[in-house]
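Structural features, examined
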Amino acid sequence: MVHTYSLIHDDLPAMDDDDMRRGQPSCHILFGEANAILAGDALLTRAFEILASDLPPEVAVRCCLELARAAGAENMVGGQVDDLAAENSVDLTAEDLERIHLRKTGAMIRVALTMGGIIANSDETTLRKLDFFGEKIGLAFQIVDDLLDFSGDATKMGKSLGKDEQSHKLTYVRIYGADESRKKAEQLISDATETARSFGNAGRPLMGLAQFILNRTY
């Protein structure tokens, strides 16, 4: 729900101004900007309502705190602010780019993993491994996303491509080029896979997820 809300708002004219999402008209195209904003607001608050009502109180409190941190100004929202500010900037570095995407994209992937561990009553070592895995696949996801915007298939992606270049957005492809960006994604997925392997058979779904992120075409 939080992820979907962020996409609805991301597509708005004030942000990325995208008319298509997953092969369908964006929410604001179908229902208007006001309803798109309200739909995002409703999804965000509904997520916390579900956490607070469906889990034991001590687990719910911790999950609500972790999700709020990941989705709020410290991470996803703040990362989006920095991403918008980076457009047309010429003096930003690779470290700036990584910092943006650790917050904008990576934080939500990391919290999805760690909340699962919290709900399962995992120990702190396991939670740290899940967080590390999430950090690596989060960065890899963004690199692949940049590569797909650069040279992907718009039909498969279900959205318009090439907008990063048009808006002079700070991307991995812009800084490193396509080939080096691909190598970085492969290394991140390799690191994530090694961590998932430490879970034994229970880590196989995570290993499959990591490979899907690396090889996705949409």
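Everything below is about the structure printed above this text.
Residues numbered from 1 in each chain as written. Predicted model: local features only at pLDDT ≥ 70, side-chain atom pairs only at ≥ 80, totals over all residues. Heavy atoms only, no water.

**A word on the nonpolar core**
- Residues Val2, Leu67, Met108, Phe133, Ile137 and Ile189 are the most contacted members of the largest nonpolar core, which totals 43 residues.
- Not counting residues within four places of it along the chain, the set of residues in contact with methionine 108 comprises Val2, Leu67, Ala70, Ala71 and Met76. (Core = buried A, V, L, I, M, F, W, Y, C linked by side-chain atoms within 4.5 Å. Buried < 20%, exposed > 50% of the residue type's maximum accessible area, 1.4 Å probe, protein only. Contact = heavy atoms within 4.5 Å.)

**Considering the packing of helix 5 (residues 76–86) against helix 6 (residues 94–119)**
- Contact geometry for helix 5 and helix 6: axes closest at 7 Å, N-to-C directions at 140°. Considering their axes alone, helix 5 and helix 6 lie oblique with respect to each other. Between helix 5 and helix 6 lies a crossing of left-handed hand. Across the interface between the two elements, Met76, Gly78, Gly79, Gln80, Asp82, Asp83 and Ala86 from helix 5 touch Ile100, His101, Arg103, Lys104 and Met108 from helix 6.
- Residues belonging to the contact of helix 5 with helix 6 are distributed by class as follows: four nonpolar, four polar and four charged. (Axes fitted to C-alpha atoms, helices over the stretch in contact; angles between N-to-C directions. Helix = DSSP H or I, 4+ residues; strand = E, 2+ residues; numbered from the N terminus. Parallel < 35°, antiparallel > 145°, perpendicular 65-115°, else oblique. Left-handed = near helix turned anticlockwise from the far one by under 90°. Nonpolar A, V, L, I, M, F, W, Y, C, P; charged D, E, K, R; others polar.)

**Some points on the side chain of asparagine 75**
- Tracing the sequence through the fold places asparagine 75 in the loop between helix 4 (57–71) and helix 5.
- Judged by its relative accessible area of 19%, asparagine 75 is buried.
- When near neighbours in sequence (up to four residues on either side) are disregarded, asparagine 75 contacts Arg69, Ala70, Arg103, Lys104 and Ala107.

**So, the layout of surface pockets**
- Estimates place the volume of the second largest pocket at around 270 Å³.
- Along the wall of the second largest pocket there are 15 residues; nearest its centre are Glu66, Arg110, Val111, Thr114 and Asp131.
- The element contributing the most residues to the lining of the second largest pocket is helix 6, with six residues.
- Class assignment of the residues belonging to the lining of the second largest pocket gives a composition of six nonpolar, two polar and seven charged. (1 Å grid on protein atoms, 1.4 Å probe; cavity = no way out; pocket = protein on both sides within 12 Å on 5 of 7 lines; lining within 4 Å. Points joined across faces, edges and corners; volume = space filled by probe spheres on them.)

**Focus: the state of the cysteines**
- All told, the structure shown has zero disulfides when counted by the stated rule.
- The closest cysteine sulfur to the non-disulfide-bonded cysteine 63 is located on cysteine 64, 7.2 Å from its own sulfur.
- With relative accessibility at 0%, the residue cysteine 63 sits in the buried group. (Disulfide = S-S within 2.5 Å.)

**Concerning helix 11 (residues 178–197)**
- Taking 1.5 Å of rise per residue, the 20 residues of helix 11 would be expected to cover 28 Å, and the 28 Å separating its terminal C-alpha atoms lies within 8% of that figure.
- Every buried residue of helix 11 is listed here: Ser181, Ala185, Leu188, Ile189, Ala192, Thr193, Thr195 and Ala196. Seen along its axis, helix 11 keeps its buried residues to an arc of 155°; they face one direction. Of the exposed residues in helix 11, those oriented more than 90 degrees away from the buried face are Asp179 and Lys183.
- Turning to helix 11, the residues buried within the fold contact helix 7 (124–151), helix 10 (172–176) and helix 12 (204–215). (Expected span 1.5 Å × (residues − 1). Arc of directions from axis to C-beta.)

**Examining the pattern of salt bridges**
- Inspection of every chain in the model, using the stated rule, returns eleven salt bridges.
- Glutamate 186 is paired through a salt bridge with arginine 182; the nearest N and O atoms lie 3.6 Å apart. Of the two residues, glutamate 186 and arginine 182 both sit in helix 11, four residues apart, roughly one turn of that helix. (Salt bridge = Lys/Arg side-chain N within 4 Å of Asp/Glu carboxyl O.)

Just distances and angles here, no functional claims.
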